[in-house]
Amino acid sequence: MTSMLSAAASGLKYYQKVMDVAGENLANANVPTYRRIRVVAEGRPTPVGTGLTRNGVGSFTIDRLFDAGKVSLFDDPLAFAINDDAFIRVTSPDGTLMLTRLGKLTIDGSGLLMIAGQTLEPPVSVPDGLSHPEVAYDGVVSALNPDLERVPIGQITMAKLGNVEALEPVGAGFYTLGEGVGTVVEGTPGDGLFLPVIVSGLESSNVDPTTQFTTMMQAQRAYSSSTRTFRVGDDMLALAADLTQ
Amino acid sequence: MIKGLYSAYSAMKVAWQFQEAIANNVANTDTIGFKRELALLGSYENVLLSESTPSPAPLNSRIQQIVGQIGTGTFVAEVVSDFTDGAIEETKRDLDLALEDGFFVIEDDEGERFYTRDGRFGRAVDGTLATSQGLFVLDENDQRITLPGGVLTIDESGLIVGADGAEVATLNILDFARTDLLRAGEAYFQSDAQGTPVFGGLVQGALESSNAELIDELTTLMAVFRTFQANQTILAKLDESLQTATESLGDV
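What this report covers is the structure whose coordinates are included nearby.

Observations concerning the overall build of chain B
Reasoning step 1: A count of helices and strands for chain B gives 2 helices and 20 strands.
Reasoning step 2: For 252 residues, the compact-globule estimate of 2.2 N^0.38 gives 18 Å, and the C-alpha radius of gyration of chain B, at 28 Å, exceeds that figure by more than 25%.
Reasoning step 3: With the C-alpha coordinates of chain B rotated into their principal frame, the extents come out at 100 × 40 × 30 Å.
Reasoning step 4: In chain B, buried positions account for 46% of the 252 residues.
Reasoning step 5: In chain B, of all internal contacts separated by at least 6 residues, the share reaching a separation of at least 24 is 65%.
Reasoning step 6: Of the roughly 12,500 Å² of accessible surface on chain B, a fraction of 52% belongs to carbon and sulfur atoms.
Reasoning step 7: The positive charge centre, built from 16 side chains, and the negative charge centre, built from 40, are 6 Å apart in chain B.

Below, the structure is given as structure tokens:
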């Protein structure tokens, strides 16, 4: 009897989610290497004979999409962009291995190279007396020694996964390896398995603001339609109740 | 008792059942692979009306003559699924699949089979091709498919090729006569029939949208609502008349 109302309510919940997702994508549209999310409405299979109910959207699935963003020039010798579907290996302060696409290195007070507070895996630091660290296309980090010669001081390592969607986001563009990532292949840029990185470049997010705005507008309309269905269902129930005045 | 009462009542009942299907359609205008429902209305048989007239002399009796018919209302004969294709929209995700003909074959943990156009698939924890709710997609030998890692290419006949070029499996895509499909969820169907294999029309990196159009469904929603409202008014007025008849006419 009230399946009309449940259907309308499920529509409201789903379109609210669509708006939330579009909003989150738009808020992060300018965050380098941010990977957009999407929400997909799906049905729920109920075997024949178990009583078909018409309760609206069966379930919704949120996917994170890992297609690459555009690479733009970024005049920083410690910034680089990944050219394939690989990730940079970093370690969090508590020792957990994490992966990220953000190739933007900074140097902390002790000369340790970091990406947004996480150290490279294996760690790379600029020894005393050396300066001007740079990243090369093969991931080798080098610095100038007192004789002004460029010497290597470390190597950036990369990883490729069997199933990128099994990565678990921990925020700010970092991911831990969830169950189901499949085989993890490790290597260095340009070693044959991994493409060389693009130096002095930064990968932008993969959000297309136009698509997100369109999605938001459509979701708004659909949300109003769901409220209309809700009101119609409610009015019909009220009319039925009024029969016995 | 009063035929009008039952006609109005049956119209209201039809409207109610119809609205349940429409409200569901409206909620599912964005559900992947959703097939909307249509109500087929039937009418109850017409009943013959007769009146009696005096028979010609010398018989002292009356003759029943049929003078016409009256309808006794409508009912929802059947709610059927409309299998018109939804629009295929590109998503650029390698495990989003859409079909132009036929259905994917999926099974749950207990081996219960379903057919669907909802092609948003992914990898289960052990690497098998599965839906977002954990049902497994079957290949042409009705086996679950274990996927290798990396980006996969799926051609239009359903052949899955791994990142290294090795063939993995071919998806089972079956088509059915529309009358053989029973609804088993918003985008899922079951059938007792075998289904004929389909060898083309799969699009990788795309999903099929719902075939319920918001405008059409909302229009029908409002039209059915007004029908319900109108019949409710008739019912209420008839009720009043009955009340008057029982209360006032009986006064002597």
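Thoughts on the sheet that holds strand β10 (residues 131-135) of chain A
Residue and element names in this part refer to chain A.
Reasoning step 1: Ordered by their spatial adjacency, 3 strands build an open sheet running β10-β11-β12, and the pairing between neighbours is antiparallel. Both edges of this open sheet fall to β10 and β12 (150-155), since each of them pairs with a single strand only. The sheet shows a mean angle of 30° between the axes of neighbouring strands, direction not considered.
Reasoning step 2: The pairing of β10 with strand β11 (residues 140-144) spans 3 bridges and is antiparallel.

Describing the interface of chain A and chain B
Reasoning step 1: If you look at the interface, chain A gives 49 residues, while chain B gives 52 residues.
Reasoning step 2: Summed over the shared surface of chain A and chain B, the number is 4 salt bridges.
Reasoning step 3: A salt bridge links R120(B) to D63(A), with the nearest nitrogen and oxygen atoms 2.6 Å apart.
Reasoning step 4: At the surface where chain A touches chain B, the tally comes to 18 residue pairs in polar contact (both at pLDDT 80 or more).
Reasoning step 5: Put simply, the parts of the chain that give the side of chain A that touches chain B at least two residues each are α1 (3-27), β1 (37-42), β2 (59-64) and α2 (209-242) of chain A.
Reasoning step 6: Looking at which element gives the most residues to the side of chain A that touches chain B, the answer is α2(A), with 11 residues.
Reasoning step 7: Taken together, the residues that form the side of chain A that touches chain B break down as 21 nonpolar, 16 polar and 12 charged.

As for the side chain of S210(B)
All names here are of chain B.
Reasoning step 1: Relative to the helices and strands, S210 is located in the loop between β20 (206-208) and α2 (214-249).
Reasoning step 2: For S210, a relative accessible area of 8% puts it in the buried group.
Reasoning step 3: Looking at S210, its side chain comes within polar contact range of the main-chain oxygen of N28, at 2.9 Å.
Reasoning step 4: If near-sequence neighbours (up to four positions away) are discounted, S210 is found in contact with N28, T29, D30, T31, F34 and G86.

A few points about the environment of L129(B)
Residue and element names in this part refer to chain B.
Reasoning step 1: Tracing the sequence through the fold places L129 in strand β10 (residues 129-131).
Reasoning step 2: For L129, a relative accessible area of 0% corresponds to the buried category.
Reasoning step 3: Residues L129 and N28 lie 101 residues apart in sequence; the distance between their C-alpha atoms is 25 Å.

Here's the deal with the pattern of salt bridges
Any two side chains of opposite charge can pair if their charged atoms end up close together.
Reasoning step 1: Per the counting criterion, the structure on display carries 23 salt bridges over all chains.
Reasoning step 2: In this structure, the salt-bridge partner of K35(B) is E208(B), at a minimum N-O distance of 2.6 Å. With K35(B) in the loop between α1 (3-27) and β1 (37-43) and E208(B) in strand β20, this pair connects stretches of sequence that are 173 residues apart. E208(B) matches K35(B) in its accessibility class, with the two residues each being buried.
Reasoning step 3: Through salt bridges with shared partners, one network takes in R38(A), D63(A), E165(A), R93(B), D96(B) and R120(B).

As for a negative patch on the surface
Reasoning step 1: Negative charge collects at one region of the surface, where E100(B), D101(B), D155(B), E156(B) and E167(B) lie side by side.
Reasoning step 2: Mapped onto the elements, E167(B) comes out in strand β14 (residues 167-170).

A short note on the pairing of β11(A)
All names here are of chain A.
Reasoning step 1: Extensive coverage of β11 is indicated by the burial of 4 of its 5 residues.
Reasoning step 2: Two elements, β11 and β12, share 5 bridges in a ladder whose sense is antiparallel. Looking at β12, one finds that L144 is bridged to R150.
Reasoning step 3: Taking the residues between adjacent antiparallel strands as the criterion, β11 and β12 are bridged by 5 residues, where L148 takes a positive phi near 60°.

Things to note about the sheet that holds strand β12 (residues 153-154) of chain B
All names here are of chain B.
Reasoning step 1: Judged by pairing direction, the sheet is antiparallel, and its 3 strands sit side by side in the order β12-β13-β14 without closing on themselves. Single-partner strands in this sheet number two, and they are β12 and β14.
Reasoning step 2: Two elements, β12 and strand β13 (residues 159-161), share 2 bridges in a ladder whose sense is antiparallel. In the sheet register, T153 faces β13, and the bridge partner there is V161.

Rules of the game
- Residues numbered from 1 in each chain as written.
- Chains lettered and ligands numbered in written order.
- Predicted model: local features only at pLDDT ≥ 70, side-chain atom pairs only at ≥ 80, totals over all residues.
- Heavy atoms only, no water.
- Helix = DSSP H or I, 4+ residues; strand = E, 2+ residues; numbered from the N terminus.
- Rg over C-alpha atoms; globule rule 2.2 N^0.38 Å.
- Buried < 20%, exposed > 50% of the residue type's maximum accessible area, 1.4 Å probe, protein only.
- Contact = heavy atoms within 4.5 Å.
- Areas by Shrake-Rupley, 256 points an atom, 1.4 Å probe, with all protein chains shown as cover.
- Lys, Arg positive; Asp, Glu negative; His and termini not counted.
- Charge placed at Lys NZ, Arg CZ, Asp CG, Glu CD.
- Pairing = 2+ DSSP bridges.
- Axes fitted to C-alpha atoms, helices over the stretch in contact; angles between N-to-C directions.
- Salt bridge = Lys/Arg side-chain N within 4 Å of Asp/Glu carboxyl O.
- Polar contact = N/O pair within 3.5 Å; in protein donor to acceptor, adjacent residues only side chain to side chain.
- Nonpolar A, V, L, I, M, F, W, Y, C, P; charged D, E, K, R; others polar.
- Patch = residues over 30% accessible without salt bridge, like charges linked within 9 Å, V, L, I, M, F, W, Y side chains within 5 Å.

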